[in-house]
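# Summary of structural features
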Amino acid sequence: MAQEYLLLDILLWFSIYLIVALSLNVEYGYAGIPNFGRALAVLVGAFAVGGVVNRILISLLGIEGGIIEASGSLKSVLNPAIAQNPLLGLGILLLCLGVAALLGAVTGALFILPSAKLRHDYLAITLLAISEVMFLVANYNTSLIGGYYGVSVPDVLAFVPGERRFLSFTLLGLVLALVVFLLVERLLTSPYGRLLKAMRENEDVVRAFGRDILVLRIKTVAIGSAIAALAGAFYSLYSVNVIASTFFRVDWTFFPFLMLLLGGMGNNRGVALGVLSFVVVKVLLTVYKYEIKAVLHLPFEATWLEYMLFGVLMLLILYYKPDGLLRERPLTLTPPVRSALEQRGKEGET
Amino acid sequence: MSVLEGALIYSNLLVLLAIGLTITYITTGVPNFAQGSMAVVGAYVSLSLLVFFNMHPYYSLPVSFLLGGALGVGIYALVLRPMIRREAMVVTLMIATLAVDLILLGILGAYSDALSQLTRRGTKKFIFTPLDFKLAGTDAILLVSSGVILVTLLSLFLLLYKTRFGIALRASMENPALAEIMGVNVEHTRLFSWFLSGSLAAVAGSLLPFRQEIVPATGAIIIVSIFAASIVGGLGSIYGALVGGFFIGMSESLITFYLSKQLGAGVLLYSKVVSLLLLIAALILSPRGIAGLRIWRHNRWRRSTSS
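Residues numbered from 1 in each chain as written. Chains lettered and ligands numbered in written order. Predicted model: local features only at pLDDT ≥ 70, side-chain atom pairs only at ≥ 80, totals over all residues. Heavy atoms only, no water.

## Topic: the overall build of chain A
Along the backbone of chain A there are 15 helices and two strands. Expected size for 350 residues packed as a compact globule is a radius of gyration near 20 Å; at 22 Å, chain A falls within 12% of this value. Viewed in the frame of its principal axes, chain A has a C-alpha envelope of about 80 × 50 × 35 Å. Buried residues in chain A amount to 56% of all 350 residues. For chain A, long-range pairs separated by at least 24 residues make up 79% of all intrachain contacts whose partners lie at least 6 apart in sequence. When the accessible surface of chain A is summed, it comes to about 15300 Å², and 66% of that surface belongs to carbon and sulfur atoms. Of note, chain A has its 26 positive side-chain charges centred 5 Å away from the centre of its 23 negative side-chain charges. (Helix = DSSP H or I, 4+ residues; strand = E, 2+ residues; numbered from the N terminus. Rg over C-alpha atoms; globule rule 2.2 N^0.38 Å. Buried < 20%, exposed > 50% of the residue type's maximum accessible area, 1.4 Å probe, protein only. Contact = heavy atoms within 4.5 Å. Areas by Shrake-Rupley, 256 points an atom, 1.4 Å probe, with all protein chains shown as cover. Lys, Arg positive; Asp, Glu negative; His and termini not counted. Charge placed at Lys NZ, Arg CZ, Asp CG, Glu CD.)

Okay, structure coming up:
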């Protein structure tokens, strides 16, 4: 039972973090936009569930009271209803994901606007600053999504018997991650994906070909943030509550960067491998944290050790293996392009 | 402590942090995301000296200065320099400073846990305000922090404009390649800038507990104000950092205070929103900041700019 639980925990976190890491791969791996504010989009996804969908349902059902108490009543009304009618649960699930993606895209487009024209260092600083401040606001203002108290969220899988709940959510997460994976893979092998790589390598060339870097950056961060918001929404539905303080920079910006760089940016399979390796270590560290603390006689929480370890791991990757476990593959050329290039090569020889 | 005095103290500390951030940005080309945590290290150095040796935080400033400087040099020499030698992208170096920030957070958190177990205090927060005393009719912290600023600026001025090393330093800030051709050791100026950045951050951190509660994660909160101050001033100018630090420090404290009188005390939580809005306004109106000078521009390290 314990091992089964461990496996499910790894797979669940794999699916959540895969979605976030893929969103970062679109933005940073392909387009070269250093989004140091990734956590914001994930928080927006959670806000879509706890702050928007909850409010819609509360007003539809005519529940009175502040957002924290009303969400509690909403849960106690809806969970039995979902248990009777699975379609209601699935409907709420789809609504949450839809609102999250939409809200994520809008926030993403807005939050890159001030720095969209600027160089990478300014971009990174601004995105980090906006994300940090929004985190503080969401955490301290308890009228948005309950702040550090949190709000409850209806269990969209209330119709599944309790002992199967974890398994069902894990499967749901894996399906969602697979859909995102295929979508991102499709998106990035399109001309748009090649344009992003071109922008990463040399912005002036892209500009010379008549593309607007500003528009391209806004679009890319909107897409990336929409994807990351899905992860935030799914995580909130799984944990049946939204607590703003869980959307800390370390967990949702730094760790995704670590997974991306570990796996190999610009390569979705590499990213998946990076996420899996990271999640295995992370889940094992979390599950055995009391044992670790006892065995090593640590006079402090094992979380701090985890931070030091992952920080050092990041530095080692950056220094020794900047390409990650799987390198980015060269562009696959379509036959006409390949023959045109070969033709050119022959002409060059003669 | 009156609101204006509080704002002045905060601005003084922000200036120290912004000067440190700016000077390493000028010499190394990387914004240091660990600057906030470097300050918190200074705060814990003072706390430890207070707990173990009963040393007043004002007397522990020299120790903070030296240890902070050593930390800055360590970060540069052990983390950044090897990557610069491999011609790493600037973004890679930024991620490296994020990693350093996380390592520092881990160390600070662990140390804070251990310290509170050792001293059997339940809480992990700490503040120095009760230790402060009156001096010439005002809180000593106002005079001390202003004194530190004055000494820092005066020594920086003398160093940069009156010594040979200072001339070499300014030359290698403006054009490292040319300075190197002229026989300036650019490596020395980088090491010096990281020493100074670390030491100023640690001194600011030692004084910060006189104004606000410190926890290991305080760095993540103050980094927003530090970046805002540096960017409003113009990331590439020490003079800009001075102006930006005062501008952000004063606005953050005074605007929030004014709004809280109008709208109630709940607004006080939003002081960082003020910094953020000013940062965004600066980016839109004048991305080069108040100083308006962009010293150089590059996206990739070249062999010629590193030794």
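## A word on the packing of helix α14 (residues 302–320) of chain A against helix α4 (residues 90–118) of chain B
Following both chains from N to C, one finds α14 of chain A and α4 of chain B inclined at 160 degrees, their axes separated by 8 Å at the closest point. One finds that α14 of chain A runs roughly antiparallel with respect to α4 of chain B. As for the relative orientation of α14 of chain A and α4 of chain B, their crossing is left-handed in sense. Class assignment of the residues belonging to the contact of α14 of chain A with α4 of chain B gives a composition of 17 nonpolar, four polar and one charged. (Axes fitted to C-alpha atoms, helices over the stretch in contact; angles between N-to-C directions. Parallel < 35°, antiparallel > 145°, perpendicular 65-115°, else oblique. Left-handed = near helix turned anticlockwise from the far one by under 90°. Nonpolar A, V, L, I, M, F, W, Y, C, P; charged D, E, K, R; others polar.)

## As for the nonpolar core
Judged by nonpolar contacts, the single largest core of 216 residues is most densely connected at Trp-252 and Phe-255 of chain A. Here Trp-252 of chain A is in contact with Trp-13, Ile-16, Tyr-17, Val-20, Arg-38, Ala-39, Val-42, Tyr-235, Thr-246 and Phe-247 of chain A, once residues within four sequence places are set aside. (Core = buried A, V, L, I, M, F, W, Y, C linked by side-chain atoms within 4.5 Å.)

## What about the interface of chain B and chain A?
Taken together, the contact between chain B and chain A spans 49 residues of the former and 44 residues of the latter. Carbon and sulfur atoms supply 78% of the area buried between chain B and chain A, which totals about 4200 Å² over both sides. Summed over the three residues of chain B that lose the most area to chain A, namely Ile-95, Leu-98 and Leu-102 of chain B, the buried surface amounts to 14% of that side. On inspection of chain B and its partner chain A, the count reaches one salt bridge. One salt bridge connects Arg-249 of chain A with Asp-101 of chain B, and the closest N-O pair in it is separated by 3.2 Å. Counting across the chain B and chain A interface gives nine residue pairs in polar contact (both at pLDDT 80 or more). Broken down by secondary-structure element, the contributors of at least two residues to the side of chain B that touches chain A are α3 (61–85), α4, α9 (218–233) and α11 (271–285) of chain B. Considering every element that reaches the side of chain B that touches chain A, the biggest residue donor is α4 of chain B, with 19 residues. Tallied by class, residues from the side of chain B that touches chain A come to 37 nonpolar, six polar and six charged. (Buried area = accessible area lost by both parts, 1.4 Å probe. Salt bridge = Lys/Arg side-chain N within 4 Å of Asp/Glu carboxyl O. Polar contact = N/O pair within 3.5 Å; in protein donor to acceptor, adjacent residues only side chain to side chain.)

## Focus on the packing of aromatic side chains
Scanning the model with the defined rule gives 35 aromatic pairs over all chains in all. Geometrically, the ring pair formed by Tyr-17 of chain A and Phe-278 of chain A is edge-to-face, given 5.9 Å between the ring centres and 75 degrees between the ring planes. Here Phe-278 of chain A lies in helix α12 (residues 268–287) and Tyr-17 of chain A lies in helix α1 (residues 2–30), a separation of 261 residues in the sequence. Each member of the pair, Tyr-17 of chain A as well as Phe-278 of chain A, is classed as buried. Here the aromatic rings of Phe-166 of chain A and Tyr-238 of chain A are separated by 6.0 Å at their centres, their planes lie at 25 degrees, and the arrangement is stacked. Here Phe-166 of chain A is found in helix α7 (residues 165–188), whereas its partner Tyr-238 of chain A is found in helix α10 (residues 213–239), with 72 residues between them in sequence. Taking the relative accessible area as the measure of exposure, Phe-166 of chain A reaches 14% and is therefore buried. Here the aromatic residues Trp-13, Tyr-17, Tyr-235, Phe-247, Trp-252, Phe-254, Phe-255, Phe-278 and Phe-310 of chain A are joined through ring pairs into a cluster of three or more. In this structure, Arg-86 of chain B is placed above the aromatic ring of Tyr-319 of chain A, and the distance from its NZ or CZ to the ring centre is 4.2 Å. (Phe/Tyr/Trp six-rings, centres within 6.5 Å; stacked < 30°, edge-to-face > 60°. Lys NZ or Arg CZ within 6 Å of the ring centre and 35° of its normal.)

## Comments concerning the packing of α7 of chain A against α10 of chain A
Residue and element names in this part refer to chain A. Relative orientation of the contacting elements α7 and α10 amounts to 175 degrees, with a least axis distance of 11 Å. The angle between α7 and α10 falls in the class roughly antiparallel. Taken together, the residues of α10 that come into contact with α7 (itself represented by Arg-165, Phe-166, Phe-169, Leu-172, Gly-173, Leu-176, Val-180, Val-184 and Leu-187) are Ile-223, Ile-227, Leu-230, Phe-234, Leu-237 and Tyr-238. Each residue belonging to the contact of α7 with α10 can be placed in one class, and the counts come to 13 nonpolar, one polar and one charged.

## A look at a nonpolar patch on the surface
Residues and elements named next belong to chain B. A contiguous nonpolar patch, built from Val-51, Phe-52, Phe-53, Tyr-111 and Leu-118 and spanning about 510 Å² of accessible area, is present on the exposed surface. Of all the secondary structure elements, the ones that give two or more residues to the nonpolar patch are α2 (35–53) and α4. Mapped onto the elements, Val-51 comes out in helix α2. Residue Val-51 is classed as partly exposed on the basis of its relative accessible area of 35%. (Patch = residues over 30% accessible without salt bridge, like charges linked within 9 Å, V, L, I, M, F, W, Y side chains within 5 Å.)

## Observations regarding the confidence of the model for chain B
All names here are of chain B. Confidence in the prediction for chain B averages 87 pLDDT; 92% of positions are at 70 or higher. Within chain B, strand β1 (residues 134–135) has the poorest average pLDDT of any element, 78, and α3 the best, 96. Taken as a whole, residues 293–307 scores under 50 in pLDDT and shows 44 contacts with residues more than four places along the chain or in a different chain. Our summary of model confidence lists the complex with pTM equal to 0.90 and ipTM equal to 0.90. (pLDDT = per-residue confidence, 0-100.)

## Here we look at the environment of Ser-131 of chain A
All names here are of chain A. Structurally, Ser-131 is set in helix α5 (residues 120–140). The exposure class of Ser-131 is buried, given its relative accessible area of 4%. For Ser-131 and Ala-39, which are 92 residues apart along the polypeptide, the C-alpha to C-alpha distance reads 6.6 Å. Beyond its immediate sequence surroundings of up to four residues, Ser-131 is in contact with Gly-37, Ala-39 and Leu-40.

## Observations concerning the side chain of Arg-38 of chain A
Residue and element names in this part refer to chain A. Relative to the assigned elements, Arg-38 resides in helix α2 (residues 38–61). Relative accessible area serves as the criterion here: at 0%, Arg-38 is assigned to the buried category. At 3.1 Å, the side chain of Arg-38 and the side chain of Ser-23 are in polar contact. Aside from chain neighbours lying at most four places away, what touches Arg-38 is Val-20, Ser-23, Leu-24, Glu-27, Gly-224, Ser-225, Ala-228, Trp-252 and Thr-253.

## Thoughts on unusual backbone geometry
With a phi close to 55 degrees, Asn-54 of chain B is a non-glycine residue in the positive phi region. Among the residues examined, Asn-54 of chain B registers a relative accessible area of 65% and is labelled exposed.

## As for the side chain of Thr-97 of chain B
Residue and element names in this part refer to chain B. With respect to the element layout, Thr-97 can be found in helix α4. When its relative accessible area of 1% is taken as the criterion, Thr-97 is described as buried. The residues contacting Thr-97, other than those within four sequence positions of it, are Val-30, Pro-31, Asn-32, Phe-33, Ala-34 and Leu-80.

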